[in-house]
Amino acid sequence: MLQARLIESFENYDIAHAPLRAADVGQTDFQLLIDVRHFRVATEAAPVAEIGLSARILDKDGKIVASRLFEETEKFEGLDPAAAVAAFDKAFARLAKGVITWTVQTL
């Protein structure tokens, strides 16, 4: 689901340069790989939505061209599911913007 939302974010930014799903095309010049490092609610103090992703750009030979960790958090009130979803949505929006900016600047 995170990968699909991230691809949608790229498509909303620039449909012509969105990373394609593996099933959409054969060989591409570059591939963006995303690994989820964490996706959780931390409750040590106030509830916080935390998202962490590891991103790697590989060339067509599989060599890593660039890599970076992305992390975002968003505080919310109470342990209400709707508030948690809204917090994850805000954190993801910032995270996606960061991944897109980094990818465009790297390539």
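What comes next is a walk through the structure. This structure is a prediction, so every number in the text was calculated from the model and none was measured. Throughout, a residue's number is its position along its own chain's written sequence, starting from 1. Local features in this predicted model are restricted to residues whose pLDDT is 70 or higher, and side-chain atom pairs enter the listing and the counts only when it is 80 or higher, whereas totals over whole chains, interfaces and linings include all residues. Side-chain measures here rest on the full set of heavy atoms in the structure, leaving out hydrogens and waters.

## Focus: the packing of aromatic side chains
1) Next: Each pair of aromatic rings taken from Phe, Tyr and Trp, with Trp reduced to its six-membered ring, is defined by centres within 6.5 Å and is described as stacked if the planes are under 30 degrees apart, edge-to-face if over 60, and tilted in the remaining cases. Evaluation of the coordinates by the stated rule reveals two aromatic pairs.
2) Next: Taken together, a centroid distance of 4.4 Å and an interplanar angle of 10 degrees make the contact between Phe39 and Phe88 stacked. You can see Phe39 sitting in strand S1 (residues 30–42) and its partner Phe88 sitting in helix H2 (residues 81–106), a full 49 residues away along the chain.
3) Next: Only protein chains enter the accessibility calculation, which uses a 1.4 Å probe; a residue is then buried when its area is under 20% of its type maximum, exposed when over 50%, and partly exposed in between. The class of Phe39 is partly exposed, set by a relative accessible area of 44%. Only runs of H or I of at least four residues qualify as helices and only runs of E of at least two qualify as strands under DSSP, and these elements are numbered from the N terminus.

## Points about the nonpolar core
1) Next: Each nonpolar core is a collection of buried residues, namely Ala, Val, Leu, Ile, Met, Phe, Trp, Tyr and Cys, held together in the definition by side-chain atoms within 4.5 Å. Residues Leu6, Ile51, Phe70, Leu95, Val99 and Trp102 are the most contacted members of the largest nonpolar core, which totals 20 residues.
2) Next: Of all the elements in the fold, those that place two or more residues in this core are helix H1 (2–13), strand S2 (48–59), strand S3 (64–75) and H2.
3) Next: Looking at this core, the element that brings in the most residues is H2, giving 10 residues.
4) Next: Ignoring anything within four residues of it in the chain, the contact list for Leu6 reads Ile34, Phe92, Ala96 and Val99. It only takes one pair of heavy atoms within 4.5 Å for two residues to be counted as in contact.

## Some remarks on the sheet that holds S1
1) Next: In space, the three strands of this open sheet follow the order S1-S2-S3, with antiparallel pairing throughout. Here the strands that pair on one side only, and so sit at the sheet edges, are S1 and S3. Here the strands of the sheet are splayed against their neighbours by 15 degrees on average, with no regard to which way each runs.
2) Next: Strands are labelled as partners when DSSP assigns at least two bridges between them. Bridging between S2 and S3 involves 11 bridges; their strand directions are antiparallel. Looking at S3, one finds that Leu53 is bridged to Phe70.
3) Next: Convention adopted: a line fitted to C-alpha atoms gives each axis, helices being fitted over their contacting stretch, and angles between N-to-C directions are expressed from 0 to 180 degrees. Contacts from H2 reach S1, S2 and S3 within the one sheet, and its direction differs from that of S3 by about 160 degrees.

## Digging into the pattern of salt bridges
1) Next: Basic side-chain nitrogens of Lys or Arg form a salt bridge, by our definition, when they fall within 4 Å of a carboxyl oxygen of Asp or Glu. Enumeration according to the criterion identifies five salt bridges in this entry.
2) Next: For Glu50, the salt bridge is made with Arg40, and the minimal N-O distance between the two is 2.6 Å. In this pair, Glu50 is assigned in strand S2 and Arg40 in strand S1, connecting sequence segments 10 residues apart.
3) Next: By relative accessible area, Glu50 is classed as buried at 16%.
4) Next: With relative accessibility at 43%, the residue Arg40 sits in the partly exposed group.
5) Next: Where Glu72 meets Arg94, a salt bridge forms, and the shortest distance between an N and an O atom there is 3.0 Å. With a gap of 22 residues between them, Glu72 in strand S3 and Arg94 in helix H2 connect regions that are remote in the sequence.
6) Next: Residue classification places Glu72 among the partly exposed residues on the basis of a relative accessible area of 24%.
7) Next: One continuous salt-bridge network, built from bridges that share partners, spans Glu72, Glu74 and Arg94.

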